Amino acid sequence: MIETKKIILVDGGLSSELQSQGNNIDSDPLWSARLLHSKPEAIVDAHKAYLKAGASVLTSASYQASLDGFKNHLGVDSEAAKELIMKSVDLARQAVKEYKRDTKSSKNIIVAGSVGPYGACLHDGSEYTGSYIDKVSESQLRDWHRPRIKALLVAGVDLLAIETIPSKVEAIAILNLLNEEFPQARAWVSFQCKDAKSTARGEPIDEAISATILYPQIVAVGINCCDPNIVGPVMRRMKKVVESTKSRAKLIAYPNTGEAWSSGEGWLGRKDNRCEDCLEWCNAGAHFVGGCCRIGPPDIARFRDTLKEMNMLWEDE
C-alpha cells in the first residue's frame, strides 16, 4: 500500500462509465461483469477514463461476478467462470499499462479486486437492506465468496475491495475466511449505510467498525454507495472508533449521488451536488476518497482538482 499523509483518489462507478459508453447493463443480472465476457475492451476504456481523471486506485469489474452467476447466465463451467473473474484483474492491469504508455506516467496505481456482497448476485437491491442475512449461514457466505476471492488473489490484485457490505455479519464472515485461508491478503471493507449511525441492515456502525478493524488484513474501513450527505458524520464516528483502538487502518469514502436504487425502476431521486464536495470527507478523516454509482470521470476530475488546489492530493509524479 501507498504510505502517505495525503489523500489517495479512488475511481468512480465503473458501471456508470460503462453506461455512458452506451452499454445497457442496469437490468442485467451480471451488471458490469457481463462485459468481461461480451465486451472486455469497454472495461479497459472505462478504467482508462478514471486514470485520466486522476484516480490512483482502480476497482476491478468483479463486483457482481460469481461462479453461479456466470454459470447460470452465460452457460460456462466453473473453470471458465474463474477465468472471467481473473480477467477482471487483467483488464485493469491492461488499462494501467496503456495509460502509462500513452501518458509516459510512472505513477503508482493500485488495482483493487472488487468483492461485492452476496445480495448483489440476487439482483434485487438487497445489498441496500441486508434482508438476506437472516436466510444464509456464515458457512454459506464463506462458500459463496471463496472462489471469487481466490481468483482475484491468484490474478494478482494489490488488495481486495470488500464493498457495499450491508451487515457486520457478512463482513465478519468474509474476514474470517481471509484470516483462516488467505492470511496474506490485504483488504478494505466499506459498508453500505442507511443513515449516519447504522449499516444498511440497521446495526450500529460503530460496532461494525470495531469488529472489522480487529483483523490484521484490514488496511482501510469506510462506506460506499451511500448518500453523500452522511459521509462526513460517518467518517467522524469511524475515526473515533479507529483512534480509540489505536488501529493503523485508514478511512475510505466513496458515496453515490444520493439517488436510490430500485430493482424494478433503476435509480430514483435527485442527484446531490454535495457529492462534488470531498473536502468535508477528508477533513472528517477520510484518507481514500472517490465515488460509486452515478459518479463518473468528470466527478473524479473535480475531486482531483479540488484536492490538488488545497495541496492535499497524493500524485506520485
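Above this note sits the structure.
Conventions and cut-offs
- Residues numbered from 1 in each chain as written.
- Predicted model: local features only at pLDDT ≥ 70, side-chain atom pairs only at ≥ 80, totals over all residues.
- Heavy atoms only, no water.
- Salt bridge = Lys/Arg side-chain N within 4 Å of Asp/Glu carboxyl O.
- Helix = DSSP H or I, 4+ residues; strand = E, 2+ residues; numbered from the N terminus.
- Buried < 20%, exposed > 50% of the residue type's maximum accessible area, 1.4 Å probe, protein only.
- Expected span 1.5 Å × (residues − 1).
- Contact = heavy atoms within 4.5 Å.
- Polar contact = N/O pair within 3.5 Å; in protein donor to acceptor, adjacent residues only side chain to side chain.
- Axes fitted to C-alpha atoms, helices over the stretch in contact; angles between N-to-C directions.
- Parallel < 35°, antiparallel > 145°, perpendicular 65-115°, else oblique.
- Left-handed = near helix turned anticlockwise from the far one by under 90°.
- Nonpolar A, V, L, I, M, F, W, Y, C, P; charged D, E, K, R; others polar.
- Pairing = 2+ DSSP bridges.
- Phe/Tyr/Trp six-rings, centres within 6.5 Å; stacked < 30°, edge-to-face > 60°.
- Core = buried A, V, L, I, M, F, W, Y, C linked by side-chain atoms within 4.5 Å.
- Right-handed = clockwise from strand over helix to strand, strands pointing away.

Peer 1: Can you walk me through the pattern of salt bridges in this structure?
Peer 2: Between side chains of opposite charge, a pair can form as their charged atoms come close. Scanning all chains against the criterion turns up 15 salt bridges. Between Glu98 and Lys48 there is a salt bridge, with its nearest N and O atoms 2.7 Å apart. With a gap of 50 residues between them, Glu98 in helix 5 (residues 78–103) and Lys48 in helix 3 (residues 40–53) connect regions that are remote in the sequence. Accessibility classification places Glu98 together with Lys48 in one group, the buried group. Two residues, Asp143 and Arg146, come together in a salt bridge whose shortest N-O distance is 2.8 Å. Remark: Arg146 and Asp143 occur in helix 7 (residues 138–155); sequence separation between them is three residues, near one turn of the helix.

Peer 1: Explanation requested: unusual backbone geometry in the structure shown.
Peer 2: Trans is the common state for peptide bonds, and a negative phi is the common state for residues other than glycine. Positive phi outside glycine occurs at His123, with the angle close to 55°. With respect to the helices and strands, His123 occurs in the loop between helix 6 (118–122) and helix 7.

Peer 1: What is the right way to look at helix 5 in this model?
Peer 2: Over its 26 residues, helix 5 extends 38 Å from the first C-alpha to the last, a length consistent with the 38 Å expected when each residue adds 1.5 Å. By the burial criterion, the buried members of helix 5 are Ala81, Leu84, Ile85, Ser88, Val89, Leu91, Ala92, Ala95, Val96, Glu98 and Tyr99. Residues of helix 5 that are buried in the fold lie against helix 2 (34–38), helix 3, strand 2 (57–59), helix 4 (67–74), strand 3 (110–115) and helix 7. Looking one or two residues beyond helix 5, the residue adopting positive phi is Lys104, at roughly 60°.

Peer 1: Which parts of the structure should I look at to understand the side chain of Ser105?
Peer 2: The topology assignment puts Ser105 in the loop between helix 5 and strand 3. At 3.1 Å, the side chain of Ser105 and the backbone nitrogen of Lys107 are in polar contact.

Peer 1: Mind showing me how you'd approach the packing of helix 5 against helix 7 here?
Peer 2: When two helices pack together, their arrangement is given by the angle between the helix axes and by the axis-to-axis distance. Taken N-terminus to C-terminus, the directions of helix 5 and helix 7 make an angle of 45°; their axes are 8 Å apart at the nearest point. Accordingly, the angle class assigned to the pair helix 5 and helix 7 is oblique. Relative to helix 7, helix 5 is oriented so that their crossing is right-handed. Here helix 5 contributes Lys82, Ile85, Met86, Ser88 and Val89 to the contact with helix 7, which in turn contributes Arg148, Ala151, Leu152, Val154 and Ala155. Of the residues in the contact of helix 5 with helix 7, the class split is seven nonpolar, one polar and two charged.

Peer 1: I keep staring at the sheet that holds strand 1 (residues 8–9) and nothing clicks. Help me out?
Peer 2: What links the strands of a sheet is backbone hydrogen bonding, and the strands pair in either a parallel or an antiparallel sense. One open sheet holds the eight strands; their spatial order is 1-10-7-6-5-4-3-2, and the pairing between them is parallel. Only two strands of the sheet have a single neighbouring strand rather than two, namely strand 1 and strand 2. Two strands pair when backbone bridges link them, and strand 3 and strand 4 (residues 159–165) are joined in this way by four bridges, in the parallel orientation. Pairing of Val115 across the sheet is with Ile162, part of strand 4. Across the sheet, helix 10 (residues 231–245) lies against strand 6 (218–224) and strand 7 (250–254), angled at about 155° from strand 6, the strand it touches most.

Peer 1: Where do I start with the side chain of Ser66 in this structure?
Peer 2: Counting through the fold element by element, Ser66 comes out in the loop between strand 2 and helix 4. The buried category is assigned to Ser66, whose relative accessible area is 5%.

Peer 1: What exactly am I supposed to notice about the packing of aromatic side chains here?
Peer 2: The way to describe two aromatic rings as a pair is by their centre distance and the angle between their planes. Scanning the entire structure with this criterion turns up four aromatic pairs. Judged by centre distance (5.3 Å) and plane angle (80°), the ring pair of Tyr118 and Trp144 falls under edge-to-face. Residue Tyr118 is found in helix 6, and its partner Trp144 is found in helix 7; the two are separated by 26 residues along the sequence. A relative accessible area of 14% means that Trp144 is categorised as buried. Here Trp188 and Tyr254 contribute two aromatic rings whose centre-to-centre distance is 5.9 Å and whose plane-to-plane angle is 80°, an arrangement assigned as edge-to-face. Taken as a pair, Trp188 in strand 5 (residues 187–191) and Tyr254 in strand 7 lie far apart in primary sequence, 66 residues in all. You can call Trp188 buried: its relative accessible area is 1%. Classification of Tyr254 as buried rests on a relative accessible area of 3%.

Peer 1: Before we go on, may I ask you to explain the pairing of strand 3 in this structure?
Peer 2: Sheet faces and side chains relate simply in a regular strand, where the side chains alternate between the two faces. Burial analysis of strand 3 places six of its six residues in the buried class, which makes it a mostly covered element. Neither face of strand 3 is exposed, since Ile110, Ala112 and Ser114 on one face and Val111, Gly113 and Val115 on the opposite face are all buried. Where strand 2 meets strand 3, three bridges bridge the pair, whose relative direction is parallel. Counted as the bridge partner of Leu58 is Val111 from strand 3.

Peer 1: Honestly, the nonpolar core in this entry has me stumped. Any pointers?
Peer 2: Counting 110 residues, the largest nonpolar core has Phe70, Leu160, Ile162 and Trp188 as its most contacted members. Looking at which element gives the most residues to this core, the answer is helix 5, with nine residues. Leaving out residues up to four positions away in the same chain, Phe70 has contacts with Leu30, Ala33, Leu36, Ala65, Gly75, Val76, Ala81, Leu84 and Ile85. Core analysis: the next-biggest nonpolar cluster, separate from the first, contains seven residues, Tyr118, Ile133, Val136 and Ala173 among them.

Peer 1: Looking at this model, I keep getting lost on the pairing of strand 5. Mind explaining?
Peer 2: When you tally the buried positions in strand 5, you get five out of five residues, the bulk of the element. Burial along strand 5 is two-sided: the residues Ala187, Val189 and Phe191 and Trp188 and Ser190 are all buried. Inspection of the sheet shows strand 4 paired to strand 5 by four bridges, in the parallel sense. Across the sheet, the residue bridging to Ile162 is Val189, located in strand 5. With respect to chirality, the unit in which strand 4 leads through helix 8 (residues 168–181) into the neighbouring parallel strand 5 is right-handed. Note that the unit made of strand 5, helix 9 (residues 205–212) and strand 6 has a crossover that is right-handed.

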